[in-house]
Amino acid sequence: MKKRILFSVTNDLSYDQRMIRICTTLSTVGYQVKLIGRQLPHSLPLSPQPFEQKRLYCFFRKGKFFYLEYNLRLFLYLLFHKADIICAIDLDTILPVLYTCKLKKKVPVYDAHEYFTEVPEVIRRPRIQAIWQRVARLAIPQFHYCYTVGPALAQILQEQYGPVFSIIRNVPVPMETIATPVPTEPFIILYQGVLNEGRGLEVAIEAMQDIPHAQLWLAGEGELSLQLRKQVQMAHLEDKVKFLGYLSPAALKEVTVQASLGLNLLENSGLSYYYSLANKAFDYIQSGLPSLQMDFPEYRHLQEKYGVFHLLKELNAKDVAASINNLRPGMPYYNILRENCLQARKMLHWEEEKKILIQFYEQFD
């Protein structure tokens, strides 16, 4: 009989496409899987999935008190529920997983979705960063089974903390329908993901002033939601920037195929972003969408192999606007990138990547 696996995250389960893919895959090959996340005031009812789901309610919504409360609640939950393997998703759930596994003599797994101590929200608060760095130095070396989303990040984490990190990329499931951009107006530019600092969103909005006959669609919410809306109002760009809010995975796919260009404009404000390999980059490829990406190592590697991106060396409104104005449907350069996306999407999808995930967990059988 396959083993029982518990996965722990701190986010809302409804929108976590990555964890839905991972949990669904392991469930379909016989593992008993439960995904544990948080309950938020705006949380939608959980959609039926082929795995169990559990939300933990917290009085505190953010900051150190949230993390303290959530970690305590998660520890108590894990302590009193059966599992053979418990997987911590990122550093903010690692301590409850580690100590539960020590007490119950179970297998702990670490899934590093990002370089947690180097994200902008942590870097700008040195005392908070020092705490997370201590947590990382304490906990990660005690995990013998680890994986992450890209080779550059795997190498850095191994050098920093010791364990070998396997690589399981965050690629989407194959899409039956793809975007079919045509040179009509408005030219739709899509950003999908959280509206947080370090994502280049302020720059993208500023650039829209110099991109005629176009709309920027922002699919998601986050810490900058209010600030970005104020920026749009101050610049009188309400007709050019649309806030779509939180979208379910199914709704996001419907929106993506209406777009003509994808955006992933990360600031070089920390090693986490510099060495990232964002799922949205693969989502755009799978949708047949050329996209504007930063000239960071992982995206450069993909561009050299597949030719699916336009890489931006400097993040400023002038260069963003100029690049986007040269990436309209029908232009020769755009057509080349699109054709390359249509070829790359045949290889960069979850049906191939999930084989690595299954093999990783089969070592415990």
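Residues numbered from 1 in each chain as written. Predicted model: local features only at pLDDT ≥ 70, side-chain atom pairs only at ≥ 80, totals over all residues. Heavy atoms only, no water.

Q: Got a minute to help me understand the sheet that holds strand S4 (residues 85-89) in this structure?
A: Within a beta sheet, neighbouring strands are joined by backbone hydrogen bonds and run either parallel or antiparallel to one another. Strand order in the open sheet formed by seven strands is S3-S2-S1-S4-S5-S6-S7, and the pairing between neighbours is parallel. Both edges of this open sheet fall to strand S3 (52-57) and strand S7 (165-167), since each of them pairs with a single strand only. When the angles between neighbouring strand axes are averaged without regard to direction, this sheet yields 25°. Strand direction decides the pairing type here: S4 and strand S5 (residues 107-112), joined by five bridges, are parallel. By the bridge assignment, Ala 88 is partnered in S5 with Tyr 110. (Pairing = 2+ DSSP bridges. Helix = DSSP H or I, 4+ residues; strand = E, 2+ residues; numbered from the N terminus. Axes fitted to C-alpha atoms, helices over the stretch in contact; angles between N-to-C directions.)

Q: Quick question: what am I supposed to make of the packing of aromatic side chains here?
A: In this description, an aromatic ring pair is defined by two values, namely the gap between the centres and the angle between the planes. Per the stated rule, a full pass over the model turns up 19 aromatic pairs. Connected via pairs of aromatic rings, a cluster forms that spans Phe 7, Tyr 145, Tyr 147, Phe 360, Tyr 361 and Phe 364. In this structure, Arg 38 packs its charged tip against the face of Phe 66, placed 4.0 Å from the ring centre. (Phe/Tyr/Trp six-rings, centres within 6.5 Å; stacked < 30°, edge-to-face > 60°. Lys NZ or Arg CZ within 6 Å of the ring centre and 35° of its normal.)

Q: Just to check I follow, could you spell out the environment of Tyr 274 for this structure?
A: Mapped onto the fold, Tyr 274 is located in helix H10 (residues 271-274). Sequence separation between Tyr 274 and Tyr 299 is 25 residues; the distance between their C-alpha atoms is 9.8 Å. Apart from the residues within four sequence positions on either side, Tyr 274 is in contact with Asn 268, Phe 296, Pro 297 and Arg 300. (Contact = heavy atoms within 4.5 Å.)

Q: It is not clear to me how the state of the cysteines should be interpreted in this structure. Could you clarify?
A: Joining two cysteines, a disulfide is a covalent bond between their sulfur atoms. For the structure on display, the rule yields zero disulfides. Here Cys 87 stays free of any disulfide, with the sulfur of Cys 23 as its closest cysteine sulfur at 8.8 Å. (Disulfide = S-S within 2.5 Å.)

Q: Please explain the pairing of strand S2 (residues 32-39) as it appears in this structure.
A: The two faces of a sheet get side chains in turn, since along a regular strand they alternate between them. Taken across its eight residues, S2 has six buried, putting it largely inside the fold. As a crossover connection, the stretch from strand S1 (residues 4-8) through helix H1 (residues 17-28) into S2 is right-handed. Both S2 and S3 contribute to a ladder of six bridges, which runs parallel. Bridge assignment links Arg 38 to a residue of S3, and that residue is Leu 56. (Buried < 20%, exposed > 50% of the residue type's maximum accessible area, 1.4 Å probe, protein only. Right-handed = clockwise from strand over helix to strand, strands pointing away.)

Q: Where do I start with the packing of H1 against helix H15 (residues 350-362) in this structure?
A: Each pair of packed helices can be described by the angle between their axes along with the distance between the axes. Running from amino to carboxyl end, H1 crosses H15 at an angle of 65°, the nearest separation of the two axes being 10 Å. One finds that H1 runs roughly perpendicular with respect to H15. Crossing geometry of H1 relative to H15 is assigned as right-handed. The residues of H15 that touch H1, namely those facing Arg 21, Ile 22, Thr 25 and Leu 26, are Trp 350, Lys 354, Leu 357, Ile 358 and Tyr 361. Along the lines of polarity and charge, the residues of the contact of H1 with H15 split into six nonpolar, one polar and two charged. (Parallel < 35°, antiparallel > 145°, perpendicular 65-115°, else oblique. Left-handed = near helix turned anticlockwise from the far one by under 90°. Nonpolar A, V, L, I, M, F, W, Y, C, P; charged D, E, K, R; others polar.)

Q: What's the story with the nonpolar core in this structure? I'm lost.
A: A general tendency of soluble globular proteins is for nonpolar side chains to be buried together. With 73 residues, the main nonpolar core has Phe 7, Ile 189 and Tyr 361 as its most contacted residues. In terms of nonpolar packing, the next biggest core, distinct from the first, is built from 37 residues, Leu 56, Ala 139, Ala 154 and Tyr 161 among them. (Core = buried A, V, L, I, M, F, W, Y, C linked by side-chain atoms within 4.5 Å.)

Q: What is the right way to look at helix H9 (residues 249-256) in this model?
A: Residues spaced three or four apart along an α-helix point in a common direction, a consequence of the helix completing one turn every 3.6 residues. Every buried residue of H9 is listed here: Leu 252, Val 255 and Thr 256. For H9, the buried positions fall inside an angular range of 95° around the axis, keeping them on one side. Exposed and facing more than 90 degrees away from the buried side of H9 are Ala 250 and Glu 254. Where H9 is buried, its residues meet H1, strand S8 (187-192) and strand S9 (214-219). (Arc of directions from axis to C-beta.)

Q: When you look at the packing of helix H3 (residues 94-104) against helix H5 (residues 126-139) in this model, what are you seeing that I'm missing?
A: One way to put it is that H3 packs onto H5 with a least axis distance of 11 Å and a crossing angle of 30°. On the basis of the axis angle, H3 is roughly parallel to H5. Regarding H3 and H5, the two cross each other, and that crossing is left-handed. Residues Ile 94, Leu 95, Leu 98 and Tyr 99 of H3 form the contact with H5, whose participating residues are Val 135, Leu 138 and Ala 139. Its residues assigned to classes, the contact of H3 with H5 comprises seven nonpolar, no polar and no charged.

Q: Can you walk me through the pattern of salt bridges in this structure?
A: Any two side chains of opposite charge can pair, given that their charged atoms come close. Counted by the stated rule, this structure contains twelve salt bridges. Of the charged contacts in the structure, one is a salt bridge between Asp 295 and Arg 300, with a shortest N-O distance of 2.8 Å. Looking at Asp 295, the relative accessible area reads 14%, which means it is buried. Here Arg 300 falls in the partly exposed class, since its relative accessible area comes to 30%. One salt bridge connects Glu 351 with Lys 354, and the closest N-O pair in it is separated by 3.0 Å. Pair noted here: Glu 351 and Lys 354 are both in helix H15, with a separation of three residues, about one helical turn. When its relative accessible area of 35% is taken as the criterion, Glu 351 is described as partly exposed. Judged by relative accessible area, which is 23%, Lys 354 ranks as partly exposed. (Salt bridge = Lys/Arg side-chain N within 4 Å of Asp/Glu carboxyl O.)

Keep in mind these numbers describe shape, not what the thing actually does.
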